[in-house]
Amino acid sequence: MAGDRIERDVLIEAPIDVVWEVISRPEQIVHWFSDEAQLDLRPGGEGVLTFETANQPAVYHLRFEAVEPPRRLAYRWVYPGGEEPRPGNSMLVEFTLAEEGGRTRLTVVESGLDHMPWPDDEKQGYADSHGKGWAGHLERLSAYAPAAPSRPLT
Amino acid sequence: MSAAAAGQQEELWAALGEPSRLRVLDALLDRDDATPTMLARELPLTRQAVTKHLAVLGRVGLVAGRRQGREVRYAVDPDRLAEAARAMSAVAARWDRRLARIKAIAEAVHARRQVAAGDR
């Protein structure tokens, strides 16, 4: 994993239009992602994803950055809701679909923690004192990991 | 994993997905505990902003506050932080699981449609 970017992909034995339906339609999204989904599927459109938790549901507001059926779907999400998702306060999730001889390659990239909202010199100072930005944070936080009781994380 | 546990992990990950909030947490890691006023003094954030971030971190259990006089002193919960660290390293694995589910659903839909088309 390079810095703040997570990239994964999968090859699916189905046409690109079918894969697009599964990733973009609320009635399908609830089968692989959130417990509830309300989406205004167009560039700039907003959406709400709800995940059940032991306490109260976790609610995420998202905004679509790109809706280009059937090849590209991108949104930003921010937690907690109430703030406008924008670079600097939110994560960007991008799905890319590509045809591979009747099959479909689906790639997802989640990124955004690099977009520090403060000025460059300060950012530099921060990077210097904390390793390399987000990667430094990960290392730092990971240092705490062995201390905690190990629970399976699935 | 239960939907509830997944939601909590998602929430924990999301609570850290804001750079200023991460800085508040980071500043708090440098000391045993601190008040919002103390943190606001060393960060380019107002006390109100710091308080808001601490509330979000508190909601997911990453920090806990203890009232002392007029102010609340906050400290990091190391167990919960360790959990957050694991949640972060598990984000890629989580996407793998989601992609696997997308694959299963899409292939089932496709197979069903092919059968339906064959029946016609």
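1. Points about the overall build of chain A
- Summing up its helical and strand segments, chain A has 4 helices and 7 strands in all.
- For chain A, the α and β elements follow one another from N to C terminus as β-α-α-β-β-β-β-β-β-α-α.
- For chain A, buried positions account for 24% of its 154 residues.
- Sequence separation of at least 24 residues holds for 35% of the intrachain contacts in chain A that already meet a minimum separation of 6.

2. Considerations on the environment of Pro44(B)
All names here are of chain B.
- With respect to the secondary-structure elements, proline 44 resides in the loop between helix H3 (36-42) and helix H4 (47-59).
- For proline 44, a count of 12 C-beta atoms within 10 Å translates into the label exposed.
- Once the C-alpha coordinates of proline 44 and arginine 23 are considered, the two residues, 21 residues apart in sequence, prove to be 9.8 Å apart.

3. Points about the confidence of the model for chain B
- In the predicted model, chain B carries a mean pLDDT of 84, and 84% of its residues have values of at least 70.
- Within chain B, H3(B) carries the highest mean pLDDT (94), whereas helix H1 (residues 3-15) of chain B carries the lowest (66).

4. A few points about the pairing of strand S3 (residues 46-51) of chain A
Residues and elements named next belong to chain A.
- By the bridge criterion, 4 bridges tie strand S2 (residues 36-39) to S3 in an arrangement that is antiparallel. Note on S3: the bridge partner recorded for glutamine 38 is valine 48.
- Connecting the antiparallel pair S2 and S3 is a turn made up of 6 residues, with glycine 44 showing a positive phi of about 85 degrees.
- Here S3 pairs with strand S4 (residues 58-68) via 6 bridges, running antiparallel.

5. Section: the sheet that holds strand S6 (residues 91-100) of chain A
Residues and elements named next belong to chain A.
- Taken in spatial order, the 7 strands of this open sheet run S1-S7-S6-S5-S4-S3-S2, and their pairing is antiparallel. Bordering the open sheet on either side are strand S1 (6-12) and S2, each of which pairs with just one other strand. On average, adjacent strands in this sheet sit at an angle of 20 degrees to one another, irrespective of strand direction.
- Here S1 runs beside strand S7 (residues 103-111); their pairing, made up of 7 bridges, is antiparallel. Bridge pairing in S7 links leucine 11 to arginine 105.
- Docked against the sheet, helix H1 (residues 16-24) engages S1, strand S5 (72-78), S6 and S7, running at close to 160 degrees with respect to S6.

6. Let's talk about the packing of helix H2 (residues 19-29) of chain B against H4(B)
Residues and elements named next belong to chain B.
- Contact pair H2 / H4: the axes reach a minimum separation of 9 Å and the direction vectors enclose 85 degrees. Judged by the angle between their axes, H2 and H4 are roughly perpendicular. Of the residues in H4, those touching H2 at Ser20, Arg21, Val24 and Leu25 are Ala49, Val50, His53, Leu54, Val56 and Leu57.
- Of the residues assigned to the contact of H2 with H4, the class counts are 7 nonpolar, 2 polar and 1 charged.

Rules used in this analysis
- Residues numbered from 1 in each chain as written.
- Chains lettered and ligands numbered in written order.
- Predicted model: local features only at pLDDT ≥ 70, side-chain atom pairs only at ≥ 80, totals over all residues.
- Helix = DSSP H or I, 4+ residues; strand = E, 2+ residues; numbered from the N terminus.
- Buried ≥ 20, exposed ≤ 12 C-beta atoms within 10 Å, placed from the backbone.
- Contact = placed C-beta atoms within 7 Å.
- pLDDT = per-residue confidence, 0-100.
- Pairing = 2+ DSSP bridges.
- Axes fitted to C-alpha atoms, helices over the stretch in contact; angles between N-to-C directions.
- Parallel < 35°, antiparallel > 145°, perpendicular 65-115°, else oblique.
- Nonpolar A, V, L, I, M, F, W, Y, C, P; charged D, E, K, R; others polar.

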